[in-house]
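A closer look at the structure
Here's the letter readout for the chains.
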Amino acid sequence: MLDKLKRLFTPVEALEPHQVRDFINQHKEGTYTLLDVRQPREYEGAHIPGATLIPLPQLYDSLNELDPDKPVIVY
Amino acid sequence: MAGQGFTKVYNLSGGISAWEGETAQGPVGLHLDLVRGDEPPGEIIKLAYAMERGLGGFYTKIKGIVQDPALSNLLGTLISAEEKHKQYLLTTLHEIAAGKIDREAFEAGLSQKIMEGGFEGEELFEKNRQFLETTSGLLDLAMMLETQALDLYLRFVGKIEGSEAKDVLYRIADEEKAHLQSLGKLRDQYA
């Protein structure tokens, strides 16, 4: 029970753009997930290369498509 | 997500508007028709090799018509980079095939029209002529192509079924990432 409560209140760490760029450059592809939660039209206009698109309204139902053991960077 | 078992979740502060790096364009499905999904690793490498060869051919064509020595030198550098990529892919194929690959026979069976990112050379040339007149314009174009290529390889991962083929795509994507970083440094020199 305590574990569940702790997970609910685990803060999400904000990374500055240069920190995300460094993270991407320092980690091999396939070891992390870049997640774009915008709408398809926004993704089409511009997205970070390799980002997985899951629009926010669909995110909860699509979480099983992602690997929870890999770090996720969301934008 | 943090409450759903995802232990490391980060947020890009400022969102994509704050992002200063390269971005890719196009819908999720762009050029995904280049793969079926059931390709073994060797076929993935074949596709990537065809695209690298296509881009090298594109740069070679431009080199044949430019007059500016600085542009010509830069194109020579870009062509060399594509040759290195092709060599990397052949080495990877040797590892997977556990035997020597006949380069000539391998190249004979490749698609002639395609290049990195899924573009076709003639169309790309006509649409981007204005970028081919300066070194900075050429580097901007090169970075755009490599960014689209990186994005495409990673989008292929979502369609490809086999884990070995996915691993090959991740390795190719890592090469593209390194190449993009080199191009970025080159662009800083020519800016």
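Refer to the preceding data block for the structure.
Below, the structure is looked at part by part. Keep in mind that this is a model prediction, so the values were computed, not measured.

**Here's the deal with the overall build of chain A**
Per the secondary structure count, chain A includes four helices and four strands. Ordered by position in the sequence, the α and β elements of chain A form the string α-β-α-β-α-β-α-β. Going through the 75 residues of chain A one by one, you find that 24% of them count as buried. Across chain A, the fraction of contacts at a sequence separation of at least 24, relative to all contacts at a separation of at least 6, is 40%.

**Some details on the nonpolar core**
Ile44, Ile45, Ala48, Met51, Tyr153 and Leu169 of chain B are the most contacted members of the largest nonpolar core, which totals 36 residues. Mapped onto this core, the elements with two or more residues apiece are α1 (41-63), α2 (69-97), α5 (135-159) and α6 (163-190) of chain B. Residue contributions to this core peak at 11 residues, all from α1 of chain B. Core analysis: the second largest hydrophobic core is formed by 14 residues, Ile54 of chain A together with Phe6, Tyr10 and Leu12 of chain B among them.

**Things to note about the interface of chain A and chain B**
At the junction of the two partners, chain A supplies 32 residues and chain B supplies 35 residues. Elements with a minimum of two residues in the side of chain A that touches chain B: α1 (2-8), β1 (13-15), α2 (17-26), α3 (40-45) and β4 (72-74) of chain A. Taken together, the three bridges between β4 of chain A and strand β1 (residues 9-12) of chain B define a ladder with parallel strand orientation. Its bridge partner being in β1 of chain B, Val72 of chain A is matched across the sheet by Val9 of chain B.

**Thoughts on the packing of α1 of chain B against α2 of chain B**
Residues and elements named next belong to chain B. Closest axis-to-axis distance for the α1/α2 pair is 9 Å, and the angle between their directions is 165°. With respect to α2, the axis of α1 lies roughly antiparallel. With respect to the hand of their crossing, α1 and α2 are arranged in left-handed fashion. A per-class count over the contact of α1 with α2 returns 14 nonpolar, seven polar and six charged.

**Things to note about the sheet that holds β1 of chain A**
Within the open sheet, the five strands sit side by side as β1(A)-β1(B)-β4(A)-β2(A)-β3(A). Their pairing is parallel. The strands lining the two open edges of the sheet, one partner per strand, are β1 and β3 (52-53) of chain A. Each of β1 and β4 of chain A together with β1 of chain B touches α2 of chain A; the most contacted strand, β1 of chain A, lies at about 90° to it.

**Some thoughts on the environment of Leu47 of chain B**
All names here are of chain B. One can find Leu47 in helix α1. Judged by local crowding, Leu47 falls into the buried class, with 22 C-beta atoms found within 10 Å. Each C-alpha atom of the pair Leu47 and Met115 lies 9.4 Å from the other, and the pair is 68 residues apart in sequence. When neighbours within four sequence positions are excluded, Leu47 is seen to be in contact with Leu34 and Val35.

**Some remarks on the pairing of β1 of chain B**
Note that β1 of chain A and β1 of chain B share three bridges and pair parallel. Bridge pairing in β1 of chain B links Ala14 of chain A to Asn11 of chain B.

**Regarding α6 of chain B**
For α6 of chain B, built from 28 residues, the straight-helix expectation of 40 Å at 1.5 Å per residue is met to within 8% by its first-to-last C-alpha distance of 41 Å. Looking at α6 of chain B, one finds that the buried residues are Ala165, Val168, Leu169, Arg171, Ile172, Ala173, Glu175, Glu176, Lys177, His179 and Leu183 of chain B. Considering only its buried residues, α6 of chain B is in contact with α2 of chain A together with α1, α2 and α5 of chain B.

**A few points about the packing of α1 of chain B against α6 of chain B**
Helices that pack against each other are described as a pair by the angle of their axes relative to one another and the distance between those axes. All names here are of chain B. Remark: α1 packs on α6, axes separated minimally by 8 Å, with the N-to-C direction vectors making an angle of 30°. Judged by the angle between their axes, α1 and α6 are roughly parallel. Judged by the sense of rotation from one axis to the other, the crossing of α1 with α6 is right-handed. Touching Pro41, Ile44, Ile45 and Ala48 of α1 are Glu164, Ala165, Val168, Leu169 and Ile172, all from α6. Its residues placed into classes, the contact of α1 with α6 shows eight nonpolar, no polar and one charged.

**Side note on the pairing of strand β2 (residues 33-36) of chain A**
Residues and elements named next belong to chain A. Here β2 shows no split at all, with Thr33 and Leu35 on one side and Leu34 and Asp36 on the other all buried. Relative to β4, β2 runs parallel, the two being bridged by three bridges. When the bridges of β4 are listed, Leu34 appears paired with Ile73. Since β2 and β3 lie parallel, the crossover through α3 that links them has a hand, and here it is right-handed.

Procedures and definitions
- Residues numbered from 1 in each chain as written.
- Chains lettered and ligands numbered in written order.
- Predicted model: local features only at pLDDT ≥ 70, side-chain atom pairs only at ≥ 80, totals over all residues.
- Helix = DSSP H or I, 4+ residues; strand = E, 2+ residues; numbered from the N terminus.
- Buried ≥ 20, exposed ≤ 12 C-beta atoms within 10 Å, placed from the backbone.
- Contact = placed C-beta atoms within 7 Å.
- Core = buried A, V, L, I, M, F, W, Y, C linked by C-beta atoms within 7 Å.
- Pairing = 2+ DSSP bridges.
- Axes fitted to C-alpha atoms, helices over the stretch in contact; angles between N-to-C directions.
- Parallel < 35°, antiparallel > 145°, perpendicular 65-115°, else oblique.
- Left-handed = near helix turned anticlockwise from the far one by under 90°.
- Nonpolar A, V, L, I, M, F, W, Y, C, P; charged D, E, K, R; others polar.
- Expected span 1.5 Å × (residues − 1).
- Right-handed = clockwise from strand over helix to strand, strands pointing away.

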